[in-house]
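Overview (structure and organization)
The lines below spell out each chain.
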Amino acid sequence: MGEMQKIRTGRRCVFLMHAHLVFVIRFRHKVFTDAHLTRMEEIMRSVCGDFECELVEFNGETNHVHLLVNFQPKVTVTKLVNSLKGVSSRRLRQEFPGLVRHYWRANKRGGGARGESWAVT
């Protein structure tokens, strides 16, 4: 019964859509500290709110972050990912000038053995 309460509804649909996103720092440099991750979570929650999405879980390490996002069918995952990466990168580089050298990895393919910049599962 608890699972039924998590299902969202629209005017003509019933849905429960999640995307597991993994954002990797370019060349896997270990640059994130706890302060960076805390601020990044705030930024990601703000962007998800703008898209009427819910950031269910956020976790990160020194060279990558994991997001579990609950989104609506009207939201395009590519636009959400582009906004999450662009806004977080811009704001973090403004607030933490030491991160200017490091960017999100540019490769946008899902899956693979070499480590992906984002993946939807």
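These notes cover the structure that comes with them. Note that the coordinates shown come from a computational prediction; the quantities given were computed from them, not determined experimentally. (Residues numbered from 1 in each chain as written. Predicted model: local features only at pLDDT ≥ 70, side-chain atom pairs only at ≥ 80, totals over all residues. Heavy atoms only, no water.)

1. Points about the overall build of the chain
Stated precisely, the cut-off is as follows: Only DSSP runs of H or I covering at least 4 residues are called helices, and only runs of E covering at least 2 are called strands; the numbering of each starts at the N terminus. For each residue, the accessible area found with a 1.4 Å probe, counting protein chains only, is set against the maximum for its type, and the residue is called buried under 20%, exposed over 50%, and partly exposed in between. By definition in these notes, contact holds between two residues if any of their heavy atoms fall within 4.5 Å. All accessible areas in this document rest on Shrake-Rupley with a 1.4 Å probe, and a residue is counted as covered only by the protein chains that are shown.
On a plain count of helices and strands, the chain comes out with three helices and five strands. For the chain, the succession of helices and strands along the chain, N to C, is α-β-β-β-α-β-β-α. Per-residue burial for the chain yields a buried fraction of 38% across its 121 residues. Look at the contacts in the chain between residues 6 or more apart in sequence, and 64% of them connect residues 24 or more apart. Carbon and sulfur atoms make up 51% of the accessible area of the chain, which amounts to about 7400 Å² in all.

2. Looking at the pairing of strand β4 (residues 54–60)
What counts is decided by this rule: If DSSP finds at least two bridges between two strands, the strands pair.
One ladder, built from six bridges, connects β4 with strand β5 (residues 64–71); its direction is antiparallel. In the strand pairing of β5, Gly60 is matched with Val65. The turn joining β4 and β5, which pair antiparallel and follow one another in sequence, is formed by three residues.

3. A few points about the sheet that holds strand β3 (residues 17–24)
Test applied: Lines are fitted to the C-alpha atoms to define the axes, a helix being fitted only along its stretch in contact, and any angle between axes, read from their N-to-C directions, falls within 0 to 180 degrees.
Taken in spatial order, the three strands line up as β3-β5-β4 in an open sheet, and their pairing is antiparallel. Of all strands in the sheet, those bounded by a partner on one side alone are β3 and β4. With strand direction ignored, the average angle separating the axes of adjacent strands in the sheet is 15°. Sheet contacts for helix α3 (residues 77–95): β3 and β5; angle to β3, the most-contacted strand, approximately 40°.

4. Here's the deal with the pattern of salt bridges
This is how it is decided: One speaks of a salt bridge when a side-chain nitrogen belonging to Lys or Arg is within 4 Å of a carboxyl oxygen belonging to Asp or Glu.
Counted according to the given criterion, the structure contains four salt bridges. For Arg45, the salt bridge goes to Glu41, with nearest N and O atoms at 3.0 Å. Note that Arg45 and Glu41 are positioned in helix α2 (residues 34–50) at a spacing of four residues, about one turn of the helix. You can call Arg45 partly exposed: its relative accessible area is 39%. Given a relative accessible area of 26%, Glu41 falls into the partly exposed group. Measuring nitrogen to oxygen at the nearest pair gives 3.1 Å for the salt bridge that ties Glu52 to Lys74. Of this pair, Glu52 sits in the loop between α2 and β4 while Lys74 sits in the loop between β5 and α3, and the two are 22 residues apart along the sequence. A relative accessible area of 59% places Lys74 in the exposed class. Within the structure, one salt-bridge network assembled from shared partners comprises Arg39, Glu42 and Glu95.

5. With respect to the nonpolar core
As a reminder of what qualifies: Joining through side-chain atoms within 4.5 Å is the link that ties buried Ala, Val, Leu, Ile, Met, Phe, Trp, Tyr and Cys residues into a set, and such a set is a nonpolar core.
Counting residues in hydrophobic clusters, the biggest one holds 26 residues, and the most contacted among them are Leu21, Phe23, Met44, Val65, Leu67, Val69 and Leu84. Elements that contribute at least two residues to this core include exactly β3, α2, β4, β5 and α3. With six residues, α2 is the largest single contributor of residues to this core.

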